[in-house]
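Okay, here's what each chain looks like letter by letter:
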Amino acid sequence: MAGLVIANWKMHGSLELIAEFSKEWRALPRLTDVNAVLCPPAPYLASVSGALEGVALGAQNCADRIEGAFTGEVSVQMLSDLGCGYVIIGHSERRALYNETDAQVAVKAQLAIAQGLQAVVCVGETLAHRDADQQDKVVTEQLLRSLAEVPCENLVVAYEPVWAIGTGRTATPAQAEAMHGVIRECLQGHFGEAGAGIPVIYGGSVKPENAGVLFECDNIDGALVGGASLNANSFWQIASAASAGRA
Ligand code: PEP
């Protein structure tokens with residue numbers, strides 16, 4: 001399968017950044033064997049849509065309802081209308097700061113997939129869980145609860161250890177590969193053989209300097225990139241490393 005590299009701009013960016021990023025991206029060689037996705041803040045989805053050749057559009061979140069009186073929410077149908085192919089669901093920041101539960105994550109993933117979007121379901125342990133050597137149990141339980149009634153078609157799993165997000169502290173390739181193996185086994189146990197085809201990507205301070213070694217790991221199919229994705233050249237280098245890792 002081609003590598004998958006997803007840029008999560010979080011609540012960063014502006015029309016100026018989009019223009020600058022697009023200009024720089026156009027000057028870089030076109031990549032093969034990698035699916036690159038950019039998830040800007042929701043107000044900029046329309047501006048990014050179609051602006052970057054070879055880059056699909058994604059959203060950072062979606063509502064857990066189809067439509068109605070839910071002020072401030074954005075439905076999967078709206079994301080689809082704007083050209084999104086992907087939506088990040090259950091990012092640790094949404095779980096920790098907005099109390100998003102595994103049950104809500106599962107509903108959002110069901111809605112996204114029914115709408116034809118690729119649902120990127122995020123899971124990961126805290127530092128306290130890692131220090132207590134509880135990471136395998138915590139992540140598999142969180143994953144199974146987050147996938148309740150979720151079909152495996154158009155599903156992507158992002159493993160993001162909470163302690164490695166935005167901290168500059170990356171999981172070692174061995175730590176990441178071990179957890180991706182645990183997740184893959186869990187997906188196969190849950191979905192049967194079809195679970196083997198679900199991309200499992202890594203997120204947590206991925207940068208051009210560490211992307212290559214991560215993508216050499218058998219069970220790492222790509223990356224969810226925060227800070228380093230705000231610069232076109234560094235996101236391109238990470239995508240390029242993912243493409244080389246699949247060769
Ligand atoms: C993320 O936003 O999902 C992320 C992994 O951020 P960073 O790359 O900045 O750690």
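Going by the structure above, here's the rest.
These numbers come from a predicted model, not from an experiment. (Residues numbered from 1 in each chain as written. Predicted model: local features only at pLDDT ≥ 70, side-chain atom pairs only at ≥ 80, totals over all residues. Heavy atoms only, no water.)

**Student:** Describe in detail the site of the ligand, supporting the description with residues and values.
**Tutor:** By nearness alone, 14 residues border the ligand, and Lys10, His91, Glu160, Gly166 and Ser205 come closest of all. Between an oxygen atom of the ligand and a side-chain N or O atom of Asn8, the distance comes to 3.1 Å. Within the contact set of the ligand, an oxygen atom lies 2.7 Å away from a backbone nitrogen or oxygen of Gly166. In isolation the ligand offers 290 Å² of accessible surface; the protein chains occlude 96% of this area. (Near = heavy atom within 4 Å. Polar contact = N/O pair within 3.5 Å; in protein donor to acceptor, adjacent residues only side chain to side chain. Areas by Shrake-Rupley, 256 points an atom, 1.4 Å probe, with all protein chains shown as cover.)

**Student:** Requested: an account of the packing of helix H7 (residues 135-146) against helix H8 (residues 173-191), with residues and values cited.
**Tutor:** A pair of packed helices can be characterised by two numbers: the angle between their axes and the separation between those axes. The N-to-C vectors of H7 and H8 enclose an angle of 40°; their axes lie 10 Å apart at closest approach. One finds that H7 runs oblique with respect to H8. When you trace H7 past H8, the crossing you get is right-handed. Here Gln135, Asp136, Val139, Thr140, Leu143 and Leu144 of H7 lie close against H8, whose contacting residues are Met179, Val182, Ile183, Cys186, Leu187 and His190. Of the residues contributing to the contact of H7 with H8, the split by class is eight nonpolar, three polar and one charged. (Axes fitted to C-alpha atoms, helices over the stretch in contact; angles between N-to-C directions. Helix = DSSP H or I, 4+ residues; strand = E, 2+ residues; numbered from the N terminus. Parallel < 35°, antiparallel > 145°, perpendicular 65-115°, else oblique. Left-handed = near helix turned anticlockwise from the far one by under 90°. Contact = heavy atoms within 4.5 Å. Nonpolar A, V, L, I, M, F, W, Y, C, P; charged D, E, K, R; others polar.)

**Student:** Give a detailed account of the pairing of strand E1 (residues 3-8), specifying residues and quantitative values.
**Tutor:** The two faces of the sheet receive side chains in turn, since in a regular strand these alternate between them. Most of E1 is tucked away: six of the six residues are buried. In E1, alternate side chains face the same way, and those of Gly3, Val5 and Ala7 on one face and Leu4, Ile6 and Asn8 on the other are all buried. With helix H1 (residues 15-26) bridging E1 and its parallel neighbour strand E2 (residues 34-39), the resulting β-α-β unit is right-handed. The sheet contact formed by E1 and strand E8 (residues 222-225) spans four bridges and is parallel. Across the sheet, the residue bridging to Leu4 is Gly222, located in E8. (Buried < 20%, exposed > 50% of the residue type's maximum accessible area, 1.4 Å probe, protein only. Right-handed = clockwise from strand over helix to strand, strands pointing away. Pairing = 2+ DSSP bridges.)

**Student:** Which residues make up the nonpolar core, and what are the values?
**Tutor:** In this structure, Val5, Ile183, Leu187, Tyr202 and Phe215 are the most contacted members of the largest nonpolar core, which totals 69 residues. Discounting chain neighbours no more than four positions away, the residues touching Leu187 are Leu143, Leu147, Val157, Gly192, Gly195, Ile198 and Val200. Judged by nonpolar contacts, the second largest core, of 12 residues, contains Leu4, Tyr86, Ile88 and Leu224. (Core = buried A, V, L, I, M, F, W, Y, C linked by side-chain atoms within 4.5 Å.)

**Student:** Give me the lowdown on the sheet that holds strand E4 (residues 84-89), citing residues and values where you can.
**Tutor:** Strand order in the closed barrel formed by eight strands is E1-E2-E3-E4-E5-E6-E7-E8, and the pairing between neighbours is parallel. The average undirected angle you get between the axes of adjacent strands in this sheet is 25°. Two elements, strand E3 (residues 55-59) and E4, share three bridges in a ladder whose sense is parallel. Each residue of the ladder has a partner; that of Leu57, found in E4, is Cys84. Together, strand E5 (118-123) and strand E6 (155-159) form the strand contacts of H7, whose direction differs from that of E5 by roughly 150°.

**Student:** Would you mind going over the pattern of salt bridges in detail, with residue names and values included?
**Tutor:** As enumerated under the stated definition, the model contains 10 salt bridges in all. Between Asp102 and Arg145 there is a salt bridge, with the nearest N and O atoms lying 2.6 Å from each other. In this pair, Asp102 is assigned in helix H5 (residues 102-114) and Arg145 in helix H7, connecting sequence segments 43 residues apart. For Asp102, a relative accessible area of 14% gives the class buried. Look at Arg145 and you get partly exposed, because its relative accessible area is 45%. A salt bridge links Lys137 to Glu141; the shortest N-O distance between them is 3.3 Å. Of this pair, Lys137 and Glu141 both sit in helix H7, separated by four residues, roughly a single helical turn. Residue classification places Lys137 among the partly exposed residues on the basis of a relative accessible area of 47%. When salt bridges that share partners are traced, they join Arg94, Glu100 and Lys108 into one network. (Salt bridge = Lys/Arg side-chain N within 4 Å of Asp/Glu carboxyl O.)

**Student:** With reference to specific residues and values, describe helix H9 (residues 208-215).
**Tutor:** Of all the positions in H9, only Asn210, Ala211, Leu214 and Phe215 are classed as buried. Seen end-on, H9 carries its buried residues on one side only, within an arc spanning 130°. (Arc of directions from axis to C-beta.)

**Student:** Tell me what's going on with the side chain of Asn210, and back it up with residues and numbers.
**Tutor:** For Asn210, the location among the structural elements is in helix H9. The class for Asn210 is buried, based on a relative accessible area of 14%. Looking at Asn210, its side chain comes within polar contact range of the main-chain oxygen of Ser205, at 3.0 Å. Among the polar contacts listed, one links the side chain of Asn210 to the backbone nitrogen of Lys207, at a separation of 2.8 Å. Filtering out sequence-adjacent residues up to four positions away, Asn210 remains in contact with Thr170 and Ser205.

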